[in-house]
Amino acid sequence: MDLTKKLSVIGVGPGSKKYITDYSKEVIKKSQFIIGYKYTLSTISHLIDESVQQVFEITMKNQEQVYLHVFENLMKDDDQCVVPFTGDVNFSESEVVDRLLDIYGDDNVEIISGISSIQIASAKSKVPLDKATIITFHITGDIEEKKLELVKSVTDKKSIILVPRPWPSNPSKNFMPSDISLFLKKNGLDTSKINVWVFENLTDDEKETLYKGKMDSLESKRFSDLSVMVIDQNMRQTYLDFKS
Ligand SMILES: C[S@@+](CC[C@H](N)C(=O)[O-])C[C@H]1O[C@@H](n2cnc3c(N)ncnc32)[C@H](O)[C@@H]1O
């Protein structure tokens, strides 16, 4: 038997217990350690039994220290740790996932997909993922290239599903829907003609909201940090369009 400290990084939510796969539930219940942010831990709180699992709530500030402490000091061979992420762990989470792969080693990590906020936004706007440019601005690093990709996609009449960048401690780094609207106008696009959706708190039955309008109307609008934007330039095409 392969006795090693194992890690599962799993996607849950994005905002509801209803969007957790049975497989993720199974993995959570079998684990000895769970490390996560407050919001994500609240999504799986009903699956945690603190007499079985040791739970660590982390922040951006102390995450490194906690990941190392659990891995180096608490876990025994054959123990299993779970780190839950919001939505799909394969979208806009790599800054943390890559660090966890460093600590545990690729062979000891299982990445378990969840359902992303961008998938839910795709479903609600009826803009298919495969016909859209998908962009996350929710990164710590530089976003200038991503901004150029956004302008190009809008100019090329593609749809875009994007996650904005909230930066509460330094608002000059925000790239929220109002910033995006002004940025596109500054880059010569006629924002009064571009259709847009903004979804907040997706899958949260009590808090979910939807705004639909033209891009220029977003200039003075404020949205929650938990929002996804869809620039809708979708042209529907069915198999009938391709019949010879
Ligand atoms: C670091 S990214 C993580 C994305 C996540 N892995 C996913 O697949 O949805 C965080 C951003 O995702 C978006 N997000 C996550 N959950 C959301 C929800 N329930 N409703 C709307 N947006 C959400 C927000 O834009 C949030 O700032």
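These figures come from a predicted structure and were not determined experimentally.

Engineer: Help me understand the overall build of the protein chain, please; the structure alone is not making it clear to me.
Structural biologist: A tally of helices and strands in the protein chain yields seven helices and 10 strands. Across the 244 residues of the protein chain, 34% fall into the buried class. Of the contacts made within the protein chain by residues no fewer than 6 positions apart, 71% connect residues no fewer than 24 positions apart.

Engineer: I'm lost on the domain arrangement of the protein chain in this one. Help?
Structural biologist: Size of an interface, as often reported, equals the accessible area lost when the parts are brought together. In terms of domain boundaries, the protein chain breaks down into domain 1 (6–112) and domain 2 (117–231). In this structure, domain 1 and domain 2 have C-alpha centres spaced 28 Å apart. At the interface, 10 residues of domain 1 touch 12 residues of domain 2. Split into classes, the residues belonging to the side of domain 1 that touches domain 2 amount to three nonpolar, five polar and two charged.

Engineer: Could you clarify how one ought to interpret the site of the ligand in this entry?
Structural biologist: Close contacts around the ligand come from 24 residues, with Gly15, Gly87, Ser116, Ser117 and Leu202 the closest. Grouping the constituent residues of the shell around the ligand by class yields 10 nonpolar, 10 polar and four charged. The two domains that each donate at least three residues to the shell around the ligand are domain 1 (6–112) and domain 2 (117–231).

Engineer: Even after reading the chapter, I still don't get unusual backbone geometry, so can you show me in this structure?
Structural biologist: A negative phi angle is the norm for most residues apart from glycine, just as the trans form is the norm for most peptide bonds. For Ser92, which is not glycine, the phi dihedral falls at a positive 60 degrees. According to the C-beta neighbour criterion, Ser92 is buried, with 20 such atoms within 10 Å. At Thr203, a residue that is not glycine, the phi angle is positive and equals roughly 70 degrees. By secondary structure assignment, the location of Thr203 is in the loop between strand S8 (195–200) and strand S9 (209–214). Thr203 sits in the partly exposed class, given 19 other C-beta atoms within 10 Å.

Engineer: Looking at this structure, how should I read the sheet that holds S8?
Structural biologist: Two modes of strand pairing occur in sheets, parallel and antiparallel, and in both the strands are linked by backbone hydrogen bonds. Strand order in the open sheet formed by five strands is S6-S7-S10-S8-S9, and the pairing between neighbours is mixed. Only two strands of the sheet have a single partner each, and these edge strands are strand S6 (132–136) and S9. This sheet shows a mean twist of 15 degrees between the axes of neighbouring strands, independent of strand direction. Of the strand pairs in this sheet, S8 and S9 are connected by six bridges, and their pairing is antiparallel. Directly across from Glu200, in S9, lies its bridge partner Thr209. The sheet strands contacting helix H6 (residues 144–155) are S6, strand S7 (159–163) and strand S10 (227–231), and the helix crosses S6 at an angle near 160 degrees.

Engineer: Looking at this model, I keep getting lost on the sheet that holds strand S4 (residues 80–86). Mind explaining?
Structural biologist: With parallel pairing, the five strands of this open sheet are ordered in space as S3-S2-S4-S1-S5. Two strands lie at the open edges of the sheet, namely strand S3 (54–58) and strand S5 (109–112), each paired on one side alone. Adjacent strand axes in the sheet meet at a mean angle of 20 degrees when their direction is disregarded. Two strands pair when backbone bridges link them, and strand S1 (residues 6–12) and S4 are joined in this way by seven bridges, in the parallel orientation. Directly across from Lys6, in S4, lies its bridge partner Gln80. On top of the sheet, helix H1 (residues 22–30) reaches S1, strand S2 (33–37), S4 and S5; it is set at about 140 degrees to S1, its chief contact. Strands in contact with helix H3 (residues 63–74) are S2, S3 and S4; relative to S2, the strand with the most contacts, it is inclined by about 175 degrees.

Engineer: I keep staring at the environment of Val89 and nothing clicks. Help me out?
Structural biologist: Position of Val89 among the secondary structure elements: in the loop between S4 and helix H4 (94–104). Taking the C-alpha atoms as reference, Val89 lies 8.3 Å from Val12; in sequence the two are 77 residues apart. Those residues in contact with Val89, other than ones at most four positions away along the chain, are Val9, Ile10, Gly11, Val97, Ile111, Ser113 and Gly114.

Engineer: Is there a simple way to think about helix H7 (residues 177–186) in this case?
Structural biologist: Each full turn of the α-helix corresponds to 3.6 residues, which orients residues three or four apart in the same direction. If you check which residues of H7 are buried, you get Pro177, Ile180, Ser181 and Leu184. Buried residues in H7, looked at end-on, bunch into an arc of 100 degrees, giving them a common side. Contact partners of the buried residues in H7: H6, S8 and S10. Two residues or fewer after H7 comes Gly188, characterised by a positive phi angle close to 85 degrees.

Conventions adopted
Residues numbered from 1 in each chain as written. Predicted model: local features only at pLDDT ≥ 70, side-chain atom pairs only at ≥ 80, totals over all residues. Helix = DSSP H or I, 4+ residues; strand = E, 2+ residues; numbered from the N terminus. Buried ≥ 20, exposed ≤ 12 C-beta atoms within 10 Å, placed from the backbone. Contact = placed C-beta atoms within 7 Å. Domains from an automatic or database assignment. Nonpolar A, V, L, I, M, F, W, Y, C, P; charged D, E, K, R; others polar. Near = placed C-beta within 6 Å. Pairing = 2+ DSSP bridges. Axes fitted to C-alpha atoms, helices over the stretch in contact; angles between N-to-C directions. Arc of directions from axis to C-beta.

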